[in-house]
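Fold and geometry: a report
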Amino acid sequence: MTPQETFNSARKIVIKIGSNTLAKKDGTINVEFMEIFAMECAALAKQGKQLILVSSGAQVAGLSTIEGWAHKGDIHYRQALAAIGQVELMHKWRDAFKKAQIHVAQLLLTKDDFEDKHRTLNIRNTMFTLVDENVIPIINENDSIATDEFFIGDNDNLSALTANLWSADLLILFSDIDGIYTDNPKTNPDAKLVEVVDNIDELKKSIKIGSTNAFGTGGIATKIEAAEKTTKCGIPMILANGGKENALTHLADGTQKATVFTADDKALFHAIMGA
């Protein structure tokens, strides 16, 4: 299916907002984007869609608050920065969604939470309860306490784990690119957008995978990893440019380009039969 068909057929959607989408060029949080995005979410909720948001941006928000820590690379400073920034980030999300008359909730998770059966059950129950009560959960990795042993490392994979745990119909990754290209479109004008991916193994053989971006911890590699996690569970994934105006609305009407990773049909069949 096309990105438009995939989006419109989904009811339960996990949306991941990357740091580069949330940050302006000067590194501060893009409040205007957040307010527009919240209004788009409200419109989707009125259509019967249920949403969970995975939001990066804690360290960006922290740097906006305490500028003097920008060049401190020590892990304790980075964890403290995330703790400071998470408060600022959620404050701005709460204000944005309040204008859209939607309540939000915060869930901070680590890799260990997804590996413990009791915790995953509790997380799943909490997500279902919040969504059923028309509250949008906003999820981020708990960077202020996570160590290498329990560190997921990027919100692309965190959003994929969330989508699988919630049994979502679709995962959307909003980044600063239009989708998967055959090469880096910022350096190669001949790079072509891959609009539909049916075989991820074949895709990896045919494209060049670059490094991470300016603010985020992920790159194309982590986005492909996320797609591998969801599609194997019967959940398609869309990679799109969240920085474009009214990105959600234009995905729905088909006017925004994107890449859709189609779900594994066999996995989807087993998921339906096991439901």
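Let me begin by describing the structure that accompanies this report.

Section: the environment of Val196
Among the secondary structure elements, Val196 is positioned in strand 8 (residues 196-197). Put simply, Val196 and Gly179 are 17 residues apart on the chain and 9.8 Å apart in space, counted from C-alpha to C-alpha. Contact partners of Val196, with chain neighbours within four places excluded, come to Met1, Val260 and Thr262.

Focus: helix 5 (residues 75-99)
Counted at 1.5 Å a residue, the expected span for helix 5 with its 25 residues is 36 Å, and the 36 Å between its end C-alpha atoms agrees. Buried within helix 5 are the following residues: Gln79, Leu81, Ala82, Gly85, Gln86, Leu89, Met90, Trp93, Ala96 and Phe97.

Here we look at helix 10 (residues 220-231)
It helps to recall that an α-helix has 3.6 residues per turn; residues three or four apart then point in one direction. In this model helix 10 runs 16 Å from its N-terminal to its C-terminal C-alpha over 12 residues, within 8% of the 16 Å that 1.5 Å per residue would give. Summarising burial for helix 10: 9 of the 12 residues are buried, a large majority. Residues of helix 10 that are buried: Ile220, Thr222, Lys223, Ile224, Ala226, Ala227, Glu228, Thr230 and Thr231.

Considering the packing of helix 3 (residues 31-46) against helix 5
To characterise two packed helices, one gives the angle between the axes of the helices and the distance between these axes. Running from N to C, helix 3 and helix 5 cross one another at 45 degrees; their axes reach a closest spacing of 8 Å. With respect to each other, helix 3 and helix 5 are oriented oblique. Seen along the crossing, helix 3 lies across helix 5 with a hand that is right-handed. Residues Val31, Met34, Glu35, Phe37, Ala38, Met39 and Cys41 of helix 3 form the contact with helix 5, whose participating residues are Leu89, Lys92, Trp93, Ala96, Phe97 and Lys99.

What to know about the packing of helix 7 (residues 117-132) against helix 8 (residues 155-166)
Two elements in contact, helix 7 and helix 8, have axes separated by 10 Å at closest approach and are oriented at 80 degrees. Taken together, the axes of helix 7 and helix 8 are roughly perpendicular relative to one another. Residue-level inspection shows Thr120, Ile123, Arg124, Met127, Phe128 and Val131 of helix 7 in contact with helix 8, the latter providing Thr162, Leu165 and Trp166.

Topic: the sheet that holds strand 1 (residues 12-17)
If you trace the 8 strands from one edge of the open sheet to the other, you get 3-4-2-1-5-9-10-8, paired in mixed fashion. Sheet topology places strand 3 (103-109) and strand 8 at the edges, where each strand pairs with a single neighbour. Judged from the 4 bridges that link them, strand 9 (residues 237-241) and strand 10 (residues 258-261) form a sheet pairing that is antiparallel. Directly across from Met237, in strand 10, lies its bridge partner Phe261.

Concerning unusual backbone geometry
One can expect most non-glycine residues to show negative phi and most peptide bonds to be in trans. Residues other than glycine seldom take positive phi values, yet Asn134 does so here, at roughly 65 degrees. Considering the arrangement of structural elements, one finds Asn134 in the loop between helix 7 and strand 4 (135-141). A relative accessible area of 63% places Asn134 in the exposed class. The backbone phi angle of Asn246 is positive, close to 50 degrees, even though this residue is not glycine.

So, the side chain of Asn241
Relative to the helices and strands, Asn241 is located in strand 9. A distance of 3.4 Å separates a polar atom in the side chain of Asn241 from a polar atom in the side chain of Asp178. Look past the residues within four positions of Asn241 in its chain and what remains in contact with it is Phe174, Ser175, Asp176, Ile177, Asp178, Ala247 and Gln256.

A few points about the pattern of salt bridges
Applying the stated rule across the entire model yields 9 salt bridges. Across the salt bridge formed by Lys92 and Glu88, the nearest N and O atoms sit 3.9 Å from each other. Taken together, the residues span about one helical turn, with Lys92 and Glu88 both in helix 5 at a distance of 4 residues. Residue classification places Glu88 among the partly exposed positions, given a relative accessible area of 26%.

Brief notes about the pairing of strand 4
Here strand 4 lies mainly inside the structure; 7 of its 7 residues are buried. A two-sided burial pattern is seen for strand 4, the buried positions comprising Val135, Pro137, Ile139 and Glu141 on one face and Ile136, Ile138 and Asn140 on the other. Two elements, strand 2 (residues 50-55) and strand 4, share 2 bridges in a ladder whose sense is parallel. Its bridge partner lying in strand 4, Val54 is registered against Ile139.

Observations regarding the packing of aromatic side chains
Summed over all chains, the structure comprises 3 aromatic pairs. Between Trp93 and Phe97, the aromatic rings sit 5.7 Å apart at their centres with planes inclined by 35 degrees, giving tilted as the arrangement. Of this pair, Trp93 and Phe97 are both found in helix 5, 4 residues apart, which corresponds to roughly one turn of the helix. Residue Trp93 shares its accessibility class with Phe97, and that shared class is buried. Over the ring of Trp166 we find Lys12; its NZ or CZ atom is 4.9 Å from the centre of that ring. Residue placement shows Lys49 over the ring face of Phe7; its charged tip is 5.5 Å from the ring centre.

The rules behind each value
Residues numbered from 1 in each chain as written. Predicted model: local features only at pLDDT ≥ 70, side-chain atom pairs only at ≥ 80, totals over all residues. Heavy atoms only, no water. Helix = DSSP H or I, 4+ residues; strand = E, 2+ residues; numbered from the N terminus. Contact = heavy atoms within 4.5 Å. Expected span 1.5 Å × (residues − 1). Buried < 20%, exposed > 50% of the residue type's maximum accessible area, 1.4 Å probe, protein only. Axes fitted to C-alpha atoms, helices over the stretch in contact; angles between N-to-C directions. Parallel < 35°, antiparallel > 145°, perpendicular 65-115°, else oblique. Left-handed = near helix turned anticlockwise from the far one by under 90°. Pairing = 2+ DSSP bridges. Polar contact = N/O pair within 3.5 Å; in protein donor to acceptor, adjacent residues only side chain to side chain. Salt bridge = Lys/Arg side-chain N within 4 Å of Asp/Glu carboxyl O. Phe/Tyr/Trp six-rings, centres within 6.5 Å; stacked < 30°, edge-to-face > 60°. Lys NZ or Arg CZ within 6 Å of the ring centre and 35° of its normal.

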